[in-house]
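# Examining the three-dimensional arrangement
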Amino acid sequence: MLIKDIIHKLNEQLNLECYSANMYLQMSAWCSDNRFKGSAAFLKEHSKAEMQHMQRLFNYISDSCALPLLGHIAEPPVKFESLTDVFQQTYAHEQLISRNINALVHAAITVHDYPTFNFLQWYVVEQQEEEKIFKSVLDNFYLIGNNENSLFFIDNDLKKMAHACCKENG
Ligand SMILES: [Fe+2]
Ligand SMILES: [Fe+2]
């Protein structure tokens, strides 16, 4: 049985994963609108992955005889200055999610909730992986630059990454 505070925190994370899914989908729309097809495909795939993160939490809460609660989801940002701006925001967002997951792990261990502690290990590994991916995309902007040719290569690279994610996400 989960204690009330942990259920509350897990539900907060569930809603944050929903927000992440919406945020990436909205960013994908901006990319399509600005002719960055590869980036749009990559972010759309990532949005699907975030929905799976949400469903994993939903199932865990439900399987633990507690009630998953879908609440109000804040509107994601709509306008971006550039493609670099989009990916700067993705990296900052993933760092925020990692901090939240770590706080959740800390809360679980503090109240000796070992099943939740164990369940959250998947998210700890996933966040490490996601930070690595978004950091590597951002590094390309700094290494290759921001001119039209560079953006073409970065966008093309993201198209390949989207295909790889597509196979993983089904
Ligand atoms: Fe996530
Ligand atoms: Fe994420």
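Refer to the structure presented above.
Residues numbered from 1 in each chain as written. Chains lettered and ligands numbered in written order. Predicted model: local features only at pLDDT ≥ 70, side-chain atom pairs only at ≥ 80, totals over all residues. Heavy atoms only, no water.

What follows deals with the coordination of the iron ion (ligand 1). The protein atoms donating to the iron ion (ligand 1) are E17 (OE), E50 (OE) and H53 (ND1), with metal-donor distances spanning 2.1 to 2.2 Å. Mapped onto the sequence, the residues coordinating the iron ion (ligand 1) show the spacing E-x32-E-x2-H. Separating the iron ion (ligand 1) from the iron ion (ligand 2) is a gap of 3.4 Å, bridged by E50, which donates to each. Residue E17 is found in helix α1 (residues 4–33), and its partner H53 is found in helix α2 (residues 37–63); the two are separated by 36 residues along the sequence. E17 sits in the buried class, given a relative accessible area of 0%. Residue class for H53 comes out buried when judged on its relative accessible area of 3%. (Donors = N, O, S within 2.8 Å, 3.2 Å for Na, K, Ca; no water. Helix = DSSP H or I, 4+ residues; strand = E, 2+ residues; numbered from the N terminus. Buried < 20%, exposed > 50% of the residue type's maximum accessible area, 1.4 Å probe, protein only.)

Surrounding the iron ion (ligand 2) are the protein donor atoms E50 (OE), E94 (OE), E94 (OE) and E130 (OE), which sit 1.9 to 2.6 Å from the metal. Seen from the iron ion (ligand 2), its four donor atoms lie at angles of 53 to 154°, and the figure they make is irregular. On the primary sequence, the residues serving as donors to the iron ion (ligand 2) are separated as E-x43-E-x35-E. With relative accessibility at 0%, the residue E94 sits in the buried group. Exposure remark for E130: the relative accessible area of 2% places this residue in the buried category. (Tetrahedral: all angles 85-135°; square planar, octahedral: opposite > 155°, others 65-115°.)

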